[in-house]
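The chain contents come next:
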Amino acid sequence: MAESGGRTSNKQAETAEAVRWTTTAGEVAETGQGRTTIGVVVVQKIAVTATREVPGVAALGGGMARAFGALRERIPGASAAQTSGANVEVGEKQTAIDLQIVVDYGVSVVELARAVRRNVITAVERMTGLQVVEVNIEVIDIRLPGEEEAAPARVE
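Database annotation for the protein, UniProt heading Sequence similarities (unreviewed entry): "Belongs to the asp23 family."

As structure tokens, this is what we get:
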């Protein structure tokens, strides 16, 4: 039961296009109908959000980055940096992510890093189609029980 030549080639072209859109190797970036580019900030925000979802992560970024973010929140019309603590390199098909985190006291750092890495890779690959080649995690501090972040000085 062969289809006519035109219908078969159109169907094959549609199938090839569908396969191109479902690969995780980043081929989602270009089709016959155009090109999709994913910005660094997009990957940073996904990585930060996925990191914060993991229980045991107290904060992202160093003390100064967190202080400036808290300060920005107090200034009318300004927004806090949602990408603090994440540095990202994005290529056409792959991305690499570096995270700086503060962990809660009592949490296994090794297990937490494994959970963060898994969650970040899953979220970034699912949402962008980019292949995550590495997620480097630097634990820069530990939050002790009863310890709160110091509030930055108020801007007048």
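Draft legend 1. Region of the structure containing the overall build of the protein. Scanning the protein for helices and strands turns up four helices and six strands. Listed by position from the N terminus, the elements making up the protein come as α-β-β-α-β-α-β-β-α-β. Taken over 156 residues, the protein has a buried fraction of 29%. A separation of at least 24 residues holds for 72% of the contacts in the protein among residues at least 6 apart in sequence. Roughly 10,100 Å² of accessible area belongs to the protein as shown, and the carbon and sulfur atoms make up 51% of that amount.

Draft legend 2. Summary view of the pattern of salt bridges. In this structure the tally under the stated criterion is two salt bridges. A salt bridge links arginine 35 to glutamate 92, with the shortest nitrogen-to-oxygen separation between them at 3.8 Å. With arginine 35 in strand E2 (residues 34-35) and glutamate 92 in the loop between strand E4 (86-90) and strand E5 (94-104), the pair connects residues that are 57 residues apart, well separated along the chain. The partly exposed category is assigned to arginine 35, whose relative accessible area is 49%. Overall, glutamate 92 belongs to the exposed group, its relative accessible area being 57%. When the shortest N-O distance is used, the salt bridge between aspartate 104 and arginine 143 registers 2.7 Å. Taken as a pair, aspartate 104 in strand E5 and arginine 143 in strand E6 (residues 131-143) lie far apart in primary sequence, 39 residues in all.

Draft legend 3. Expanded view of the nonpolar core. Among the nonpolar cores identified, the biggest contains 24 residues, and Ile97, Leu99, Val116 and Val120 are the most heavily contacted of them. Contributions of two or more residues to this core are made by helix H2 (40-52), strand E3 (57-60), E4, E5, helix H4 (109-128) and E6. Element by element, the count of residues in this core is highest for H4, at six residues. For isoleucine 97, the residues in contact, after removing those within four places along its chain, are Val43, Ala47, Asn87, Val88, Val120, Val124, Val132, Glu134, Val135 and Asn136.

Draft legend 4. Up close: the environment of aspartate 98. Considering the arrangement of structural elements, one finds aspartate 98 in strand E5. Accessibility expressed as a relative area gives 34% for aspartate 98, which makes it partly exposed. Separated by 54 residues in the primary sequence, aspartate 98 and glutamine 44 place their C-alpha atoms 9.6 Å from one another. Aside from chain neighbours lying at most four places away, what touches aspartate 98 is Gly85, Ala86, Asn87 and Asn136. Polar side-chain contacts of aspartate 98 include one of 2.8 Å to the side chain of asparagine 136.

About the cut-offs
- In this numbering scheme, every chain counts its residues from 1 along its sequence in written order.
- Where totals are concerned, whole chains, interfaces and linings use all residues; where local detail is concerned, this predicted model gives features only for residues with pLDDT of at least 70, and gives and counts side-chain atom pairs only at 80 or more.
- Excluding hydrogens and water, the side-chain values take into account all heavy atoms of the structure.
- UniProt positions are given in the numbering used here, feature names are shortened, and annotations may be inferred rather than shown by experiment.
- The helix count covers DSSP runs of H or I at least four residues long, the strand count covers runs of E at least two residues long, and both are numbered beginning at the N terminus.
- The buried label goes to any residue with under 20% of its type's maximum accessible area, the exposed label to any with over 50%, and the partly exposed label to all in between, with areas taken from a 1.4 Å probe on protein chains only.
- Contacts are assigned to residue pairs that have any heavy atoms within 4.5 Å of one another.
- We get accessible surface area from the Shrake-Rupley algorithm with a probe of 1.4 Å; when it comes to residues, only the shown protein chains can shield them.
- Salt-bridge detection follows one rule: a side-chain nitrogen of Lys or Arg within 4 Å of a carboxyl oxygen of Asp or Glu.
- Nine residue types can take part in a nonpolar core, namely buried Ala, Val, Leu, Ile, Met, Phe, Trp, Tyr and Cys, and a core is a set of them joined through side-chain atoms within 4.5 Å.
- Polar contact is the term for a pair of N or O atoms within 3.5 Å; when the atoms are in protein, one must be able to donate a hydrogen and the other to accept it, and sequence-neighboring residues count only if both atoms are side-chain atoms.

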